[in-house]
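Residue strings, one per chain:
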Amino acid sequence: MTRMIAPSLLAADFTNLEQDIEMVNASEADWLHLDIMDGVFVPNISFGLPVVRAVKKISQKPLDVHLMIIEPEKYLGAFRDAGADNLTVHLETCRHLHRTIEEIKELGMKAGVTLNPHTPVELLVEIITFIDLVLIMSVNPGFGGQKFIPTSMNKIRKTRSLIEKSGSPALIEVDGGIDLSNAAMLFEAGTDILVAGTTIFRSADPAGAIRALKHAGL
Ligand code: DX5
Ligand code: ZN
């Protein structure tokens, strides 16, 4: 099992992004997670393409872009051009999910599908062999600093078993409310990548927090 960490920039210091990105560059983090919110699909607005482009100039880690927007299919090329390496869309926002996934891959990015807490894993059955990444939301998307929803653990196990049964190469990423109290459990349940914002950027030692998450329970 892989053990990867993707710090979520949403909790970084927006008056000094360069400093926080350099911390991530020098750390054991694997990807940099960028949350794109439109104020329609989720009740919050974060940042958009110009910020992704600027971050790309200095990030040495692949950009893991999590789209929380309606009609994501309109912006796939724009996010690729801005520097996205992974592009993840919400299943709840895609009328033609298979087409959108194929377009993301044709554009040269890794394609992810994410599920809100209420969306059943079973809805992935017909798409799982086409995707590179499943992102399980362990909070309702829209805000950092929320409490982990414990039933997410079972969703991770179900996703792991679906991946094994189908022979899909997809990795499992989990996002929301992740800290040192649940990181080890999440890896044990079959998570490959942990996303964490608050736990990393609000820590007195962010690089140490990344290391601690990565090696939790070992
Ligand atoms: C929430 C975002 C998360 C968020 C996680 O909509 O998708 O990536 O930044 O923040 P924490 O780790 O603080 O729960
Ligand atoms: Zn996210």
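Preceding this section is the structure that the text describes.
All of these numbers come straight from a predicted model, not from anything done at the bench. (Residues numbered from 1 in each chain as written. Chains lettered and ligands numbered in written order. Predicted model: local features only at pLDDT ≥ 70, side-chain atom pairs only at ≥ 80, totals over all residues. Heavy atoms only, no water.)

## Details of the environment of Thr119
Reasoning step 1: Looking at the secondary structure, you find Thr119 in the loop between strand E5 (110-115) and strand E6 (133-137).
Reasoning step 2: Once the C-alpha coordinates of Thr119 and Glu92 are considered, the two residues, 27 residues apart in sequence, prove to be 8.1 Å apart. (Helix = DSSP H or I, 4+ residues; strand = E, 2+ residues; numbered from the N terminus.)

## Side note on the packing of aromatic side chains
Reasoning step 1: For the coordinates displayed, the defined rule picks out one aromatic pair.
Reasoning step 2: The interplanar angle of 45° and the centroid separation of 5.9 Å between the aromatic rings of Phe14 and Phe47 together place this pair among those described as tilted. Separated by 33 residues along the polypeptide, Phe14 in the loop between strand E1 (4-7) and helix H1 (17-25) and Phe47 in the loop between strand E2 (32-37) and helix H2 (49-58) bring together distant segments of the chain.
Reasoning step 3: Taking relative accessible area as the criterion, Phe14 reaches 44% and is therefore assigned partly exposed. (Phe/Tyr/Trp six-rings, centres within 6.5 Å; stacked < 30°, edge-to-face > 60°. Buried < 20%, exposed > 50% of the residue type's maximum accessible area, 1.4 Å probe, protein only.)

## Re the side chain of Asp35
Reasoning step 1: Examined against the element boundaries, Asp35 turns out to sit in strand E2.
Reasoning step 2: Here Ser8 takes part through its side chain, which lies 2.7 Å from a polar atom of the side chain of Asp35.
Reasoning step 3: A distance of 3.1 Å separates polar atoms of two side chains, one belonging to Asp35 and the other to His66.
Reasoning step 4: Discounting chain neighbours no more than four positions away, the residues touching Asp35 are Ser8, Leu10, Ser46, Phe47, His66, Met68 and Asp175. (Polar contact = N/O pair within 3.5 Å; in protein donor to acceptor, adjacent residues only side chain to side chain. Contact = heavy atoms within 4.5 Å.)

## A closer look at the coordination of the zinc ion (ligand 2)
Reasoning step 1: Those protein atoms acting as donors to the zinc ion (ligand 2) are His33 (NE2), Asp35 (OD), His66 (ND1) and Asp175 (OD), and they sit at 2.0 to 2.3 Å.
Reasoning step 2: Along the chain, the residues donating to the zinc ion (ligand 2) fall in the pattern H-x1-D-x30-H-x108-D. Across this residue pair, the class does not change: His33 and Asp35 are buried. (Donors = N, O, S within 2.8 Å, 3.2 Å for Na, K, Ca; no water.)

## Remarks on the site of ligand 1
Reasoning step 1: The environment of ligand 1 is made up of 20 residues, and the closest members are Ser8, Gly142, Asp175, Gly197 and Thr198.
Reasoning step 2: At 2.8 Å, a backbone N or O of Gly145 approaches an oxygen atom of ligand 1.
Reasoning step 3: In the model, an oxygen atom of ligand 1 is placed 2.7 Å from a nitrogen or oxygen of the Asp175 side chain.
Reasoning step 4: When ligand 1 sits alone it has 380 Å² of accessible area, and the protein chains cover 99% of it.
Reasoning step 5: Counting residues per element, the ones that place at least two in the shell around ligand 1 are E2, strand E3 (63-68) and strand E8 (193-196).
Reasoning step 6: In terms of residue count, the dominant contributor to the shell around ligand 1 is E2 (three residues).
Reasoning step 7: Residue composition of the shell around ligand 1, by class: eight nonpolar, ten polar and two charged. (Near = heavy atom within 4 Å. Areas by Shrake-Rupley, 256 points an atom, 1.4 Å probe, with all protein chains shown as cover. Nonpolar A, V, L, I, M, F, W, Y, C, P; charged D, E, K, R; others polar.)

## Considering the pattern of salt bridges
As a working rule, side chains carrying opposite charge can pair if their charged atoms are close by.
Reasoning step 1: Evaluation of the coordinates by the stated rule reveals eight salt bridges.
Reasoning step 2: As a salt-bridge pair, Lys74 and Glu71 come within 2.5 Å of each other at their nearest N and O atoms.
Reasoning step 3: Between Asp192 and Arg160 there is a salt bridge whose closest N-O contact spans 2.9 Å. Within this pair, whereas Asp192 is found in the loop between helix H6 (183-188) and E8, its partner Arg160 is found in helix H5 (residues 152-166), the two being separated by 32 residues in sequence.
Reasoning step 4: Here Asp192 falls in the buried class, since its relative accessible area comes to 3%. (Salt bridge = Lys/Arg side-chain N within 4 Å of Asp/Glu carboxyl O.)

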